[in-house]
Amino acid sequence: MFEKASGTYYTPERTVQFMCDYIAKYMITPESILEPSAGDGRFISALQRRNYGESFTAVEYDSGKIEELKKRTDSRLTCVIHEDFLQAIKNFKNVYDLVIGNPPYINIKSMDKSFLKEARALCNYYALSTSLIKNSWVAFILGSMKILSKDGCIFFVLPMEFLQVKYAQELRKFLENNFDTIHILTFKEKMFPEIEQNTCLVYLANKDRKSPYICYKQYENLSSRDTVYESQIRRNKPLEKWTNAVLSDADIDLLKSLTERYKPVSEFASSRPGIVTGANRIFILNRSEVDKLRCGRFVKPIISKAAMVRKSIKIDYDLVHRLSDAGEKLFFLDLNGISENDMPWELIQYLKKSGSIRRNNIEIRNSYKCSRRNPWYAVPITRSGAAVFFKRYDSIPRISIKPEEIFTTDIAYNLFFKEEINPASFVFSFYNSLTLALCEYSGRYYAGGVLELIPGEFKQLSIPYSYIRSEDVQELEGMFQNASSIENILNFVDKRTLGDNISQDDILQLRAIREKLISRRKL
């Protein structure tokens, strides 16, 4: 069950039992145990049934849950506090050996002002940036640290995004500095199958001060007690993204070593996102709509979906014609500098009707981006590059050469090459084992397993660039068109880019690294 206002998900009993079993295995029996945002107290009650722990504290803000909380827990052992967790800890005189639970996930836009104030105060207390507080679970981690005993442990259900999002990078580094034993537990089976939020378990403790480590474990499901995969990072700490703990130290050592041999994307080209329309459904049309509105002289070809070039490394007018014949929306309505006096009546009526469409209860013409234009339908044109990289992908990155007269939306980064760089050779060189492994290592992924590279991550990718014969570029294009396997593509490109600079063993390890990282996001 999920309660939107409080951001709480009632933790499945299987998760509770798994976490209790894990604590029993890895932790000396704690004396004092705290469950913040306790809800109905299912963690405390489960531990009490096992006679695990001596004293318990349950903190719950919602008065409607207090009675059920008291019923489920042993009143002789449990102190129930009806208060907001961040307020409650200000009055705590005791410290706790174990803080366990499933903190609420409340976005900053929905946070109570007093909670946000206390959360930011915790950041100041630890000399951390207050911009960390994008979600309430961040504050629950920091608050729990403040009341933790010297050898205490925090064990939380957390969103998978915590392991990789940019805003939590400072928090991850801070936790690595304060806990020498970090376990990340993931499951092939979703913990909360009824929601899109991917979650994991994070165990923070101090046990191995001489050799701090991050351990990544994957289980089949919550009934499993044996891992299907396990790895540790000791040398490569701090680890920028904890999702990369799926690799070994040897894997990361190889990536770092090879990355230094080649120049990054930023030394070959500058990049810039494509056109931001603010309303693609209105400003990007198909051929029949263009004909109906009689606006052919006002449109430019545009690629708005990476799937449009799924079987090609080349965007050209032949592709545009094929997509147009298939009914795809790929004609961008460019009305910059166009007076209504020069528009056909059908187009004027279309703009009037479209501008009044309500989205999130706001008319399109008054939406954030459109309202800042004069007129609202004059979409700013960004310069088009000689190649584009699509920032999100599923199994393999998409980078294509193209004429500058064909545009893209902001789903892609346009590349503007230095004079001596050949765009087709660059695109060809991109599809090597090192760069594709680095894409997986550098990017972040979302529910559903789609990976994204933000501009800074894309620009730092190392490329073993070399000039490539046009015949080889054409052959690679044919391989994509014929849906050749990624293994065949890598064999072909590696031979012409990495060549004799990297051993075959290293190439095979790079491919294994990529597969590990892909399997991590495909859970």
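Residues numbered from 1 in each chain as written. Predicted model: local features only at pLDDT ≥ 70, side-chain atom pairs only at ≥ 80, totals over all residues. Heavy atoms only, no water.

J.: Got a minute to help me understand unusual backbone geometry in this structure?
T.: The omega angle of the peptide bond from K237 to P238 is 0°, so this bond is cis rather than trans. Examined against the element boundaries, P238 turns out to sit in the loop between β11 (229-233) and α8 (249-259). Looking along the chain, the bond that leaves N374 and enters P375 is cis, with omega of -5°. Looking at where P375 falls in the secondary structure, it is placed in the loop between β17 (362-363) and β18 (387-390). The backbone of N51 sits at a positive phi, close to 55°, despite the residue not being glycine. Tracing the sequence through the fold places N51 in the loop between α2 (42-49) and β4 (55-60). N51 sits in the exposed class, given a relative accessible area of 70%. (Helix = DSSP H or I, 4+ residues; strand = E, 2+ residues; numbered from the N terminus. Buried < 20%, exposed > 50% of the residue type's maximum accessible area, 1.4 Å probe, protein only.)

J.: Help me understand the sheet that holds strand β23 (residues 444-445), please; the structure alone is not making it clear to me.
T.: Think of a sheet as strands paired side by side through backbone hydrogen bonds, with each pair either parallel or antiparallel. One open sheet holds the three strands; their spatial order is β19-β24-β23, and the pairing between them is antiparallel. One side of each edge strand has no neighbouring strand; the edge strands of this open sheet are β19 (392-393) and β23. In the sheet, β19 pairs with strand β24 (residues 451-452) via two bridges, with the strands oriented antiparallel. In the sheet register, R392 faces β24, and the bridge partner there is E452. (Pairing = 2+ DSSP bridges.)

J.: Would you explain the confidence of the model for the protein in this entry?
T.: Close reading of the predicted structure is inappropriate where its pLDDT is low. Put simply, the protein has an average pLDDT of 94, and 98% of its residues get 70 or more. pLDDT under 50 marks residues 1-7. Its contacts with residues more than four places away, or in other chains, come to 17 contacts. (pLDDT = per-residue confidence, 0-100. Contact = heavy atoms within 4.5 Å.)

J.: I would appreciate a short explanation of the environment of T15 in the present structure.
T.: Tracing the backbone through its elements, the reader meets T15 in helix α1 (residues 13-26). T15 sits in the buried class, given a relative accessible area of 0%.

J.: Looking at this model, I keep getting lost on the pairing of strand β8 (residues 181-187). Mind explaining?
T.: Each regular strand displays side chains that alternate between the two surfaces of the sheet. The buried fraction of β8 is high, at seven of seven residues. Because side chains alternate across β8, one face comprises the buried residues T181, H183, L185 and F187, and the other comprises I182, I184 and T186, equally buried. In terms of strand pairing, β8 meets strand β9 (residues 199-205) through five bridges, oriented antiparallel. Within the sheet, the bridge partner assigned to L185 lies in β9 and is L201. Sheet analysis places β8 next to strand β10 (residues 213-219), joined by seven bridges and oriented parallel. Bridged to T181 within β10 is Y213.

J.: What exactly am I supposed to notice about the sheet that holds strand β22 (residues 412-417) here?
T.: Spatially, four strands are ordered β12-β22-β18-β20 in an open sheet, and the strand pairing comes out antiparallel. A strand with exactly one partner marks an edge of an open sheet, and here the two such strands are β12 (269-273) and β20 (398-401). Taken over all neighbouring pairs, the strand axes of this sheet differ in orientation by 25° on average, direction set aside. Two elements, β18 and β20, share four bridges in a ladder whose sense is antiparallel. By the bridge assignment for β20, F390 is matched with R398. Those strands touched by helix α13 (residues 423-430) are β18, β20 and β22, and its axis lies near 160° from that of β20. (Axes fitted to C-alpha atoms, helices over the stretch in contact; angles between N-to-C directions.)

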